[in-house]
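Chain and residue survey
The primary structure of each chain is shown beneath.
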Amino acid sequence: QLSFSQNEAVDSLQNLLKHVKQDSTRLKIYVELCEICDTEDILKYGVPAVTLAENRLKGLSQNNPLWKFYLTELSVATNNIGFYNMDHGNIDIALKCYNKCLKNYELLDNKEGMATALINLGFFHDNEGSIAQALNFYHKALKIYSQINSLPGIAAVQNNIAAIYSNHGNIQKALDYYHRSLK
């Protein structure tokens, strides 16, 4: 459920969307709406964002400054669509979305994006009971966050790893990772 201020922001962006003609601005609004809307509305904004970004990417070379913008926005929208599908039990679609995000962020050499995609893949595999795969993705994300010195990212991943160990009865390892996340 959205807060009053989130509802105001959604309303404002929806109104703005009615008047904006420039594709890059429309895309930015769709993606922002994807980020702040209620989960049930993600596809309402995410699908047009993906369509717009994919259409604009056609024919753009990686040397074009707009390529990076459109691919980044496509990745954010795709990630949100993955979240929606994960939340609704459409696991095959969620997995495709998360893998597509990872591939795009690798093309962009966006370390923060790669780590986020790896966390989502870890969460996906954790929910599916593939603990070894979940831990593998989480450790890859942890490595990236360590490389870019993202302390909040490091702490979040260590918490996720600790939760897996805790849920599977390995209390000592869980405590170790929980302790690390507090540093």
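In short, a report on the structure. Since we're looking at a predicted model, the values are computed, not measured.

About the criteria used
- Residues numbered from 1 in each chain as written.
- Predicted model: local features only at pLDDT ≥ 70, side-chain atom pairs only at ≥ 80, totals over all residues.
- Heavy atoms only, no water.
- Axes fitted to C-alpha atoms, helices over the stretch in contact; angles between N-to-C directions.
- Helix = DSSP H or I, 4+ residues; strand = E, 2+ residues; numbered from the N terminus.
- Parallel < 35°, antiparallel > 145°, perpendicular 65-115°, else oblique.
- Left-handed = near helix turned anticlockwise from the far one by under 90°.
- Contact = heavy atoms within 4.5 Å.
- Nonpolar A, V, L, I, M, F, W, Y, C, P; charged D, E, K, R; others polar.
- Core = buried A, V, L, I, M, F, W, Y, C linked by side-chain atoms within 4.5 Å.
- Buried < 20%, exposed > 50% of the residue type's maximum accessible area, 1.4 Å probe, protein only.
- Expected span 1.5 Å × (residues − 1).
- Polar contact = N/O pair within 3.5 Å; in protein donor to acceptor, adjacent residues only side chain to side chain.

**A short note on the packing of helix α2 (residues 23–36) against helix α4 (residues 65–87)**
Two quantities define a packed helix pair, namely the angle between the helix axes and the distance between the axes. The geometry of α2 relative to α4 is characterised by a closest axis approach of 9 Å and an angle of 25 degrees between their N-to-C directions. Between α2 and α4, the interaxial angle falls into the category roughly parallel. Read as a crossing pair, α2 and α4 show a hand that is left-handed. Residues Asp23, Ser24, Leu27, Lys28, Val31, Cys34 and Glu35 of α2 pack against Phe69, Tyr70, Glu73, Val76, Ala77 and Asn80 of α4. Residue composition of the contact of α2 with α4, by class: seven nonpolar, two polar and four charged.

**Some thoughts on the environment of Asn104**
Secondary-structure assignment places Asn104 in helix α5 (residues 91–108). Each C-alpha atom of the pair Asn104 and Ala117 lies 9.8 Å from the other, and the pair is 13 residues apart in sequence. What Asn104 contacts, discounting residues up to four positions off in sequence, is Leu71, Leu74 and Ser75.

**Quick notes on the nonpolar core**
With 59 residues, the main nonpolar core has Leu27, Leu33, Tyr45, Tyr105, Tyr138, Val157 and Ile161 as its most contacted residues. The residues contacting Leu27, other than those within four sequence positions of it, are Ala49, Leu52, Ala53, Phe69, Tyr70 and Glu73.

**Considering helix α6 (residues 111–127)**
Taking 1.5 Å of rise per residue, 17 residues should cover 24 Å, and α6 covers 24 Å from first to last C-alpha, within 8% of that figure. Buried within α6 we find Gly113, Met114, Ala115, Ala117, Leu118, Ile119, Asn120, Leu121, Gly122, Phe124 and His125. Of the surrounding elements, those touching the buried residues of α6 are α4, α5, α7 (131–147) and α8 (151–167). Put simply, Asn110 is the residue that caps the front of α6, since its side-chain oxygen is 3.2 Å from the backbone nitrogen of Glu112.

**Let's talk about helix α3 (residues 42–57)**
Compared with the 22 Å implied by 1.5 Å per residue over 16 residues, the 22 Å span of α3 between its first and last C-alpha is a close match. For α3, the full list of buried residues reads Ile42, Tyr45, Gly46, Ala49, Val50, Leu52, Ala53 and Leu57. Residue Gly59 follows α3 closely and has a positive phi angle near 85 degrees.

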